[in-house]
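The lines below spell out each chain.
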Amino acid sequence: QVQLVESGGGLVQAGGSLRLSCAASGRTFSNYRMGWFRQAPGQEREFVAAINWSSGRTSYADSVKGRFTISRDNAENTVYLQMNSLKPEDTAVYYCAARPILVADYNYWGQGTQVTVSS
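These lines cover the structure that appears in this document, whether it is placed above or below. (Residues numbered from 1 in each chain as written. Predicted model: local features only at pLDDT ≥ 70, side-chain atom pairs only at ≥ 80, totals over all residues. Heavy atoms only, no water.)

### Some details on the packing of aromatic side chains
Enumeration over the complete set of coordinates arrives at 7 aromatic pairs. The positively charged end of R45 is found above the aromatic ring belonging to W109, 3.8 Å away from the centroid. (Phe/Tyr/Trp six-rings, centres within 6.5 Å; stacked < 30°, edge-to-face > 60°. Lys NZ or Arg CZ within 6 Å of the ring centre and 35° of its normal.)

Written out as structure tokens, the structure is:
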């Protein structure tokens, strides 16, 4: 059974940094794409960043390019989202997700972790 467990959220001042972690278990993820999404109150969930587990190829939403970095640690089976220069508009619940590379939709989701950026 696939499990994705996020951690690392919290309260930070604008301009600060946080690192989110997503511990993945239950299968081999070498042919998977791992993503981070976020959902602010009253808004739809939006894509933040993604990484192919085997190749390390990444993609980012325009709103976070140059500030956020997604990475993975094969030994720890963990995906990270380093968030720098945080802004109040980054406040949201952040979710880790996984999908097979050849599948369009993410079919595994974590429970989410709250990130709050104060001005």
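### Let's talk about the pattern of salt bridges
Following the criterion strictly, the structure yields 4 salt bridges and no others. R67 serves as the salt-bridge partner of D90, at 2.8 Å between the closest nitrogen and oxygen. One end of the pair, D90, is in the loop between strand 8 (78-83) and strand 9 (92-100); the other, R67, is in the loop between strand 6 (58-60) and strand 7 (68-73), and 23 residues separate them in sequence. Across the pair, exposure class does not vary: D90 and R67 are buried alike. Look at the salt bridges and you will find they share partners, linking R38, E46, R67 and D90 into a network. (Salt bridge = Lys/Arg side-chain N within 4 Å of Asp/Glu carboxyl O. Helix = DSSP H or I, 4+ residues; strand = E, 2+ residues; numbered from the N terminus. Buried < 20%, exposed > 50% of the residue type's maximum accessible area, 1.4 Å probe, protein only.)

### Focus on the state of the cysteines
As enumerated under the stated definition, the model contains 1 disulfide in all. Disulfide partner of C22: C96, at an S-S distance of 2.0 Å. Taking the torsion about the sulfur-sulfur bond, which here is approximately -75°, the covalent link between C22 and C96 counts as left-handed. Placement of C22 in strand 3 (residues 18-25) and of C96 in strand 9 is noted, with a sequence separation of 74 residues between them. (Disulfide = S-S within 2.5 Å.)

### With respect to the nonpolar core
Core analysis: the biggest nonpolar cluster contains 30 residues, and M34, W36, L81, M83 and Y94 have the highest contact counts within it. When contributions to this core are tallied by element, the ones reaching two or more residues are strand 3, strand 4 (32-39), strand 5 (46-52), strand 7, strand 8, strand 9 and strand 11 (113-118). (Core = buried A, V, L, I, M, F, W, Y, C linked by side-chain atoms within 4.5 Å.)

### Quick look at the pairing of strand 9
Summarising burial for strand 9: 7 of the 9 residues are buried, a large majority. Taken together, the 8 bridges between strand 4 and strand 9 define a ladder with antiparallel strand orientation. Note that in strand 9 the partner of Y32 across the bridge is P100. Both strand 9 and strand 11 contribute to a ladder of 3 bridges, which runs antiparallel. When the sheet's bridge partners are listed, Y94 is paired in strand 11 with T113. Where strand 9 and strand 10 (residues 108-109) come together, 2 bridges link them in antiparallel fashion. Along strand 10, the bridge assignment pairs A98 with Y108. (Pairing = 2+ DSSP bridges.)

### Quick word on unusual backbone geometry
Residues apart from glycine generally show negative phi values, whereas peptide bonds are mostly found in trans. We note that N77 has phi near 55°; this positive angle belongs to a residue other than glycine. Mapped onto the fold, N77 is located in the loop between strand 7 and strand 8. At S85, a residue that is not glycine, the phi angle is positive and equals roughly 50°. Position of S85 relative to the elements: it lies in the loop between strand 8 and strand 9.

Bear in mind that shape data such as this cannot, by itself, settle questions of function.
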